[in-house]
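# Per-entry structural report
Spelled out, the chains give:
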Amino acid sequence: KAGVTQTPRYLIKTRGQQVTLSCSPISGHRSVSWYQQTPGQGLQFLFEYFSETQRNKGNFPGRFSGRQFSNSRSEMNVSTLELGDSALYLCASSLRPYNEQFFGPGTRLTVL
Amino acid sequence: LAKTTQPISMDSYEGQEVNITCSHNNIATNDYITWYQQFPSQGPRFIIQGYKTKVTNEVASLFIPADRKSSTLSLPRVSLSDTAVYYCLVGEIAAAGGTSYGKLTFGQGTILTVHP
């Protein structure tokens, strides 16, 4: 069974730009969560989607948004990028919300 | 979600048993305890989950005392490949179904270094 896939794996953007990251969950998983990982703040929860609805949101500004499609694939978008948005963005999927989560390899975003 | 406290780092040697303790004084009645492992540049990987007493799987054991205010992850006979960051998480988890919509709150984790 294929694991969680994230694209792209690496991304370089400049301040002020926007970026869209994609996540394909494990087949049959309907819950997708997003996390940001930085050396200073560690792993921080961004949001969780289930059945195309955002069920939970972390403490991030409105520049961070996401959505989930009917096939459970999810995208997250960050607008008006700031230097501090440089991080590893991880997507995790589970059968249902807050079941065991399976993480993807992440997208490494660098903002210059 | 209950706050967790773990040692920042631990060192061990190949073949030894490693025990990592996590404190969670404010654990709630519906909270489960879950441990994840993370290697550099990879996403965390689920290790084990428990509610009380002892849970064992093919890679680890989890010991939870009666008051559930702490838990201990036990890794038997570690190898160099067990060098990683280990996270203890506490929160309401729909372990076998249910309708909890929660979020995983990761602490700083414990950096385990296994030496030859």
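Structure: above.
Notes on the structure follow. (Residues numbered from 1 in each chain as written. Chains lettered and ligands numbered in written order. Predicted model: local features only at pLDDT ≥ 70, side-chain atom pairs only at ≥ 80, totals over all residues. Heavy atoms only, no water.)

### A word on the overall build of chain B
Of the regular secondary structure elements, chain B holds zero helices and nine strands. Along chain B, helices and strands appear, N-terminal first, in the series β-β-β-β-β-β-β-β-β. Residues counted as buried form 47% of the 116 residues belonging to chain B. Surface accessibility of chain B: about 5,800 Å² in total, with carbon and sulfur atoms responsible for 51%. (Helix = DSSP H or I, 4+ residues; strand = E, 2+ residues; numbered from the N terminus. Buried < 20%, exposed > 50% of the residue type's maximum accessible area, 1.4 Å probe, protein only. Areas by Shrake-Rupley, 256 points an atom, 1.4 Å probe, with all protein chains shown as cover.)

### Considerations on the sheet that holds strand β5 (residues 53–56) of chain B
Residues and elements named next belong to chain B. An order of β2-β7-β6-β5 is seen for the four strands of this open sheet, with the pairing classed as antiparallel. Looking along the sheet, the strands with just one partner apiece sit at the ends: β2 (18–23) and β5. Pairs of neighbouring strands in the sheet enclose a mean axial angle of 15 degrees, with direction left out of account. Alignment of strand β6 (residues 61–64) against strand β7 (residues 70–75), held across three bridges, turns out to be antiparallel. Each residue of the ladder has a partner; that of Ser61, found in β7, is Ser74. (Pairing = 2+ DSSP bridges. Axes fitted to C-alpha atoms, helices over the stretch in contact; angles between N-to-C directions.)

### Focus on the packing of aromatic side chains
Counting across every chain of the model gives seven aromatic pairs over all chains. Seen from their ring centres, A:Tyr35 and A:Phe45 are 5.7 Å apart, and the 70 degrees between their planes marks the pair as edge-to-face. With a gap of 10 residues between them, A:Tyr35 in strand β4 (residues 31–38) and A:Phe45 in strand β5 (residues 42–50) connect regions that are remote in the sequence. Note on accessibility: A:Tyr35 and A:Phe45 belong to one class, buried. For the ring pair A:Phe103 and B:Tyr36, a centre distance of 5.8 Å and an interplane angle of 85 degrees mean the geometry is edge-to-face. Taken together, the positions of A:Phe103 in strand β10 (residues 102–103) and B:Tyr36 in strand β3 (residues 31–38) put the pair across two chains. For the residue pair A:Phe103 and B:Tyr36, the accessibility class agrees, reading buried in each case. A network of ring pairs unites the aromatic residues A:Tyr35, A:Phe45, A:Phe103, B:Tyr36 and B:Phe46 as a single cluster. (Phe/Tyr/Trp six-rings, centres within 6.5 Å; stacked < 30°, edge-to-face > 60°.)

### What to know about the state of the cysteines
Under the defined criterion, the tally for this structure stands at two disulfides over all chains. In this model, A:Cys23 is linked to A:Cys91 through a disulfide, with the two sulfur atoms separated by 1.7 Å. Its S-S torsion of approximately -55 degrees makes the covalent link between A:Cys23 and A:Cys91 left-handed. Placement of A:Cys23 in strand β3 (residues 19–24) and of A:Cys91 in strand β9 (residues 87–94) is noted, with a sequence separation of 68 residues between them. Judged by its relative accessible area of 0%, A:Cys23 falls in the buried class. Judged by its relative accessible area of 0%, A:Cys91 is buried. Disulfide partner of B:Cys22: B:Cys88, at an S-S distance of 2.2 Å. For the disulfide bridge between B:Cys22 and B:Cys88, the dihedral angle about the S-S bond is near -80 degrees, and by the sign convention the bridge is left-handed. (Disulfide = S-S within 2.5 Å.)

### A word on the environment of A:Leu88
Among the secondary structure elements, A:Leu88 is positioned in strand β9. For A:Leu88, the contacting residues outside a window of four places in its chain are A:Tyr35, A:Gln36, A:Gln37, A:Pro105, A:Gly106, A:Thr107 and A:Arg108. (Contact = heavy atoms within 4.5 Å.)

### Remarks on the environment of A:Pro25
All names here are of chain A. Tracing the chain through its elements places Pro25 in the loop between β3 and β4. Separated by 47 residues in sequence, Pro25 and Ser72 have C-alpha atoms that sit 6.8 Å apart. Apart from the residues within four sequence positions on either side, Pro25 is in contact with Val4, Val32, Ser72, Arg73 and Ser93.

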